[in-house]
Amino acid sequence: MRTITLLACLFCVVTFKSQPAKILYLFPGQGSDARIFSKIDFDSSYRIVHIQYSVPAKKTSLKQYSQILMEQIDTTTNYSFIGMSLGGMICSELAEIMHPQKTIIISSAKCRSELPSRYRFQKNIPLYKLIPKRMIKLGARILQPIVEPDRKKYKAVFKSMLKQKDARFLKRTVAMIVQWEKINCSARIYHIHGTKDHTLPIRKTKPGFIVQKGSHMMTLTRAGEIGKLINEFLRK
């Protein structure tokens, strides 16, 4: 009996030690979910955890929403962040108040000045408030294939991700982006951006690495290239 118990304990120790000691938290975009990262082959030394978004309460700021998501992060071990689009903005906020080893954002913005003019304009003239939440969702479904045509490679996936989004989530996160107050762009954030990003145009950003002809959707549509860039940075 003692021999069986000893072997069981030994098995648990070996299993525990074989688990990655580092965690990589993935933050999807406003119109996407965990599938946006599904084609990336991440460094095996990391355990992958997908952050889950809830529908924010009305008038929740981006900073407040980021702080709510902190509850999903285990700070007792080494961890890093990767965020795409809205997820990158959340990572930028969290990097200021937490201590991730690495922070990577893709097709995103590190601070307010990197947002396109249409967002900054609406902070003073909030036209988005006049649009019903269902119309925002419908508009996204119509405009996404027009604005980011390379999504056709994974058309069904993009349609499914957007279809499953709660219309309230889409409208309230638009408000969070429009009203984003973050002024300082951290130099510690590794920013990857594509030259063909029409959702968050590169001309407003200062990325650490530029992907030629990369679109807003390149985390999925060009996963091989993006994965290589991510893993190279994580191993530094």
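Predicted model only: the values in this text are computed from it and were never measured.

A. Quick peek at the pairing of strand 4 (residues 103-106). Side chains T103 and I105 of strand 4 all project onto a buried face; the interleaved residues I104 and I106 project onto the opposite face, where all are buried too. Strand direction decides the pairing type here: strand 3 (residues 78-84) and strand 4, joined by four bridges, are parallel. By the bridge assignment, I82 is partnered in strand 4 with I104. A crossover links strand 3 with its parallel partner strand 4, the connecting element being helix 3 (residues 86-97), and its sense is right-handed. Sheet analysis places strand 4 next to strand 5 (residues 190-194), joined by three bridges and oriented parallel. Paired with I105 across the strands is H191, a residue of strand 5.

B. Quick look at a positive patch on the surface. A contiguous patch of positive charge on the surface is contributed by K58, K59, K133 and R134. With respect to the helices, strands and loops of the structure, K59 is situated in the loop between strand 2 (46-50) and helix 2 (62-69). Given a relative accessible area of 85%, K59 falls into the exposed group.

C. Up close: the sheet that holds strand 6 (residues 209-211). Pairing is parallel across the open sheet formed by six strands, whose spatial order is 2-1-3-4-5-6. Here the strands that pair on one side only, and so sit at the sheet edges, are strand 2 and strand 6. Averaged over all pairs of adjacent strands, the angle between their axes in this sheet comes to 20°, without regard to strand direction. Helix 3 rests against strand 1 (22-27), strand 3 and strand 4 of the sheet, and its axis sits at about 145° to strand 3. Against the sheet, helix 9 (residues 223-234) touches strand 1, strand 2, strand 3, strand 4, strand 5 and strand 6, its axis set at about 160° to strand 4.

Conventions and cut-offs
- Residues numbered from 1 in each chain as written.
- Predicted model: local features only at pLDDT ≥ 70, side-chain atom pairs only at ≥ 80, totals over all residues.
- Heavy atoms only, no water.
- Buried < 20%, exposed > 50% of the residue type's maximum accessible area, 1.4 Å probe, protein only.
- Helix = DSSP H or I, 4+ residues; strand = E, 2+ residues; numbered from the N terminus.
- Pairing = 2+ DSSP bridges.
- Right-handed = clockwise from strand over helix to strand, strands pointing away.
- Patch = residues over 30% accessible without salt bridge, like charges linked within 9 Å, V, L, I, M, F, W, Y side chains within 5 Å.
- Areas by Shrake-Rupley, 256 points an atom, 1.4 Å probe, with all protein chains shown as cover.
- Salt bridge = Lys/Arg side-chain N within 4 Å of Asp/Glu carboxyl O.
- Lys, Arg positive; Asp, Glu negative; His and termini not counted.
- Charge placed at Lys NZ, Arg CZ, Asp CG, Glu CD.
- Axes fitted to C-alpha atoms, helices over the stretch in contact; angles between N-to-C directions.
- Contact = heavy atoms within 4.5 Å.

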